[in-house]
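Structural overview for review
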Amino acid sequence: GQLEEMSLPLYFGWFLLSSIQDKVRCTAMDFLKTLDTLEAFKKHLIDFTGKAEKEVDLEQYFEAKGTLHCTTKFCDYGKAEGAKDYAEKPAVKDFYGSAFELSLSALFVTPRTVGARVSLTEEQLLLWPADAEKEAGSASLPLGSRAHVTLGCAEGVEPVQTGLDLLEILALQQEGHQGELIEEMELGSLTYYGEGRWLLSLREPICSSACFSSFYG
Ligand code: A2P
């Protein structure tokens, strides 16, 4: 019935502490501000604009999407495959409402999304669904590869795209593509993977307290 369906959330995930949210947003904004001034970025501008001569203001290009979080399981109020099984996992019940320290290890930008990669610990992986990577057709990537925080989406792009963009970059790495090392920035090393895909590996991962919970919307 309707009530039963409502008892499952839109998604489960880790919700970043609000003071850290500001820090993450600022770091991402600083990165975007620097990225679109780099000659290497301008050289590949066409990936973002469709036209070589056009300029782009990355800070305006992406739209923020609500409270910062790392989705573990998208349940769609029970309509998503495996939603009920996930909600009933002992680890999900045991850790519900608990605090965790998330490690944000990289920032990535594509013409569709901007996000932060999350490197999960063994304990955090207990809350990670076994099929999250498979669902995206990247079955051979390690469990937890898709873990991320969506920081913004281009106009008309849904946040689900952020994890897919991250997996695409990781799949390229796994296939042996080194990418093109662009430069060492203050925040870390910047690599270009073609087709508008940029990855900044953070020198110092951003450590963020986060609560494992769910969102009903
Ligand atoms: P993400 O985790 O990349 O931010 P929406 O607002 O579109 O309903 O999405 C709510 C949250 O669930 C977002 O955080 C979103 O993406 C995530 N999400 C949406 N659809 C999926 C999906 N099919 N698989 C995994 N996560 C999803």
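Reference entry: report on the structure contained in this document.

Parameters and conventions
Residues numbered from 1 in each chain as written. Predicted model: local features only at pLDDT ≥ 70, side-chain atom pairs only at ≥ 80, totals over all residues. Heavy atoms only, no water. Helix = DSSP H or I, 4+ residues; strand = E, 2+ residues; numbered from the N terminus. Rg over C-alpha atoms; globule rule 2.2 N^0.38 Å. Buried < 20%, exposed > 50% of the residue type's maximum accessible area, 1.4 Å probe, protein only. Areas by Shrake-Rupley, 256 points an atom, 1.4 Å probe, with all protein chains shown as cover. Near = heavy atom within 4 Å. Polar contact = N/O pair within 3.5 Å; in protein donor to acceptor, adjacent residues only side chain to side chain. 1 Å grid on protein atoms, 1.4 Å probe; cavity = no way out; pocket = protein on both sides within 12 Å on 5 of 7 lines; lining within 4 Å. Sits in = over half its atoms within 2 Å of the grid points. Nonpolar A, V, L, I, M, F, W, Y, C, P; charged D, E, K, R; others polar. Phe/Tyr/Trp six-rings, centres within 6.5 Å; stacked < 30°, edge-to-face > 60°. Expected span 1.5 Å × (residues − 1). Points joined across faces, edges and corners; volume = space filled by probe spheres on them. Pairing = 2+ DSSP bridges.

**Quick look at the overall build of the chain**
- Secondary structure summary: the chain contains nine helices and nine strands in total.
- Relative to a compact globule of 217 residues, whose C-alpha radius of gyration would be 17 Å, the chain shows 18 Å and is just as compact.
- Here the chain holds 217 residues, and the buried ones make up 49% of them.
- Accessible area for the chain stands at about 11,100 Å²; split by element, carbon and sulfur atoms hold 52% of it.

**Let's talk about the site of the ligand**
- Lining the immediate environment of the ligand, one finds Leu10, Tyr11, His69, Thr71, Phe74, Glu135, Arg146, His148, Thr150, Glu158, Pro159 and Val160.
- In the environment of the ligand, an oxygen atom lies 2.7 Å from a nitrogen or oxygen atom belonging to the side chain of Thr150.
- Between Val160 and the ligand, the recorded distance is 3.5 Å, taken from a backbone N or O atom to an oxygen atom.
- For the ligand, the accessible surface in isolation is 540 Å², of which the surrounding protein chains cover 74%.
- Using a 2 Å cut-off from the grid points, one finds that the ligand occupies the largest pocket.
- Of all the elements in the fold, those that place two or more residues in the shell around the ligand are β3 (69-74) and β6 (148-154).
- The dominant element in the shell around the ligand, judged by the number of residues it contributes, is β3, at three residues.
- Per-class residue counts for the shell around the ligand are five nonpolar, four polar and three charged.

**Points about the packing of aromatic side chains**
- A complete count under the given rule lists 14 aromatic pairs for this structure.
- Their ring planes at 40 degrees and their centres at 4.3 Å tell us that Tyr192 and Trp198 sit as a pair that is tilted.
- Grouping aromatic residues by their ring pairs yields a cluster made of Phe12, Trp14, Tyr86, Phe95, Tyr96, Phe100 and Phe212.

**Focus on helix α9 (residues 160-174)**
- For α9, which comprises 15 residues, the first-to-last C-alpha distance of 22 Å matches the rise-based estimate of 21 Å (1.5 Å per residue) to within 8%.
- Of all the residues in α9, the buried ones are Thr162, Gly163, Asp165, Leu166, Leu167, Ile169, Leu170, Ala171 and Leu172.
- Just past α9, the residue Gly176 takes up positive phi, approximately 100 degrees.

**Section: the layout of surface pockets**
- Taken as a whole, the largest pocket encloses approximately 640 Å³ of empty space.
- Considering the residues around the largest pocket, the lining is formed by 26 residues, among which Tyr11, His69, Thr71, Phe74 and Val160 are closest to the centre.
- If you list the elements that add at least two residues to the lining of the largest pocket, you get β3 and β6.
- Sort the elements by how many residues they give to the lining of the largest pocket and β3 lands first, with six residues.
- Residue composition of the lining of the largest pocket, grouped by class: 14 nonpolar, seven polar and five charged.

**Digging into the pairing of strand β8 (residues 188-192)**
- For β8, the tally of buried residues reaches five of five residues, placing the bulk of the element in the interior.
- Bridge analysis of strand β7 (residues 180-184) against β8 gives four bridges, and the strand direction is antiparallel. The partner of Glu184 across the bridge, within β8, is Ser189.
- Here β7 folds back onto β8, and the loop between the two strands holds three residues.
- Looking at chain direction, β8 and strand β9 (residues 198-215) are connected through five bridges and run antiparallel. By the bridge assignment for β9, Gly188 is matched with Leu202.
- Count of turn residues in the β8/β9 antiparallel hairpin: five residues, of which Gly194 carries a positive phi of about 80 degrees.

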